[in-house]
Amino acid sequence: MSDLFEPPPDFPARSALRRDCTACGACCSAPDIHALGKPLGVPCRFLGAENTQGACLCGIYLERPAVCRSYAPDWVCGEVAPLPTLEARIRRFLEIYGLDPVTG
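Below: a short report on this structure. (Residues numbered from 1 in each chain as written. Predicted model: local features only at pLDDT ≥ 70, side-chain atom pairs only at ≥ 80, totals over all residues. Heavy atoms only, no water.)

## Some thoughts on the overall build of the protein chain
Within the protein chain, the regular secondary structure consists of three helices and zero strands. In sequence order, the protein chain lays out its α and β elements as α-α-α. Residues classed as buried in the protein chain amount to 36% of the 104 residues present. Accessible surface for the protein chain amounts to roughly 6600 Å². Of this, 58% is attributable to carbon and sulfur atoms. (Helix = DSSP H or I, 4+ residues; strand = E, 2+ residues; numbered from the N terminus. Buried < 20%, exposed > 50% of the residue type's maximum accessible area, 1.4 Å probe, protein only. Areas by Shrake-Rupley, 256 points an atom, 1.4 Å probe, with all protein chains shown as cover.)

Structural data, given as structure tokens:
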């Protein structure tokens, strides 16, 4: 299996890669999460507001669904985590995957 932190050939990393969660909130905001009825590009209703360091924390972390529990940081985290706002991180996440929050 390849290294999850190695970016695909079409996506050179624009920032230092991180191998742990930075609490950037992108994985709780950009993808759709069917188990929570969360649409694409919309922050999860259980995601707390950004703190002064830009971190967002899950309000149901201990009870979060399996899809959230199984999510593991990868190279995308290194791309989006350094961005200054949750909105910018969501936009970049969706851009990487070629997704449009309006059309999915």
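## Focus on the pattern of salt bridges
Here the structure, examined in full by the defined rule, presents four salt bridges. Salt-bridge contacts for Arg89 lead to Glu50; the nearest nitrogen and oxygen are separated by 2.7 Å. Taken together, the residues Arg89 in helix α3 (residues 86-97) and Glu50 in the segment before α1 (66-69) connect sequence positions 39 residues apart. On the basis of relative accessibility, which here comes to 34%, the residue Glu50 falls in the partly exposed class. A salt bridge links Glu87 to Arg91; the shortest N-O distance between them is 3.3 Å. Here the residue Glu87 and the residue Arg91 both occupy positions in helix α3, the gap between them amounting to four residues, near one helical turn. The exposure class assigned to Glu87 is exposed, which follows from its relative accessible area of 56%. Put simply, Glu79, Arg92 and Glu95 are held in one network by salt bridges that share partners. (Salt bridge = Lys/Arg side-chain N within 4 Å of Asp/Glu carboxyl O.)

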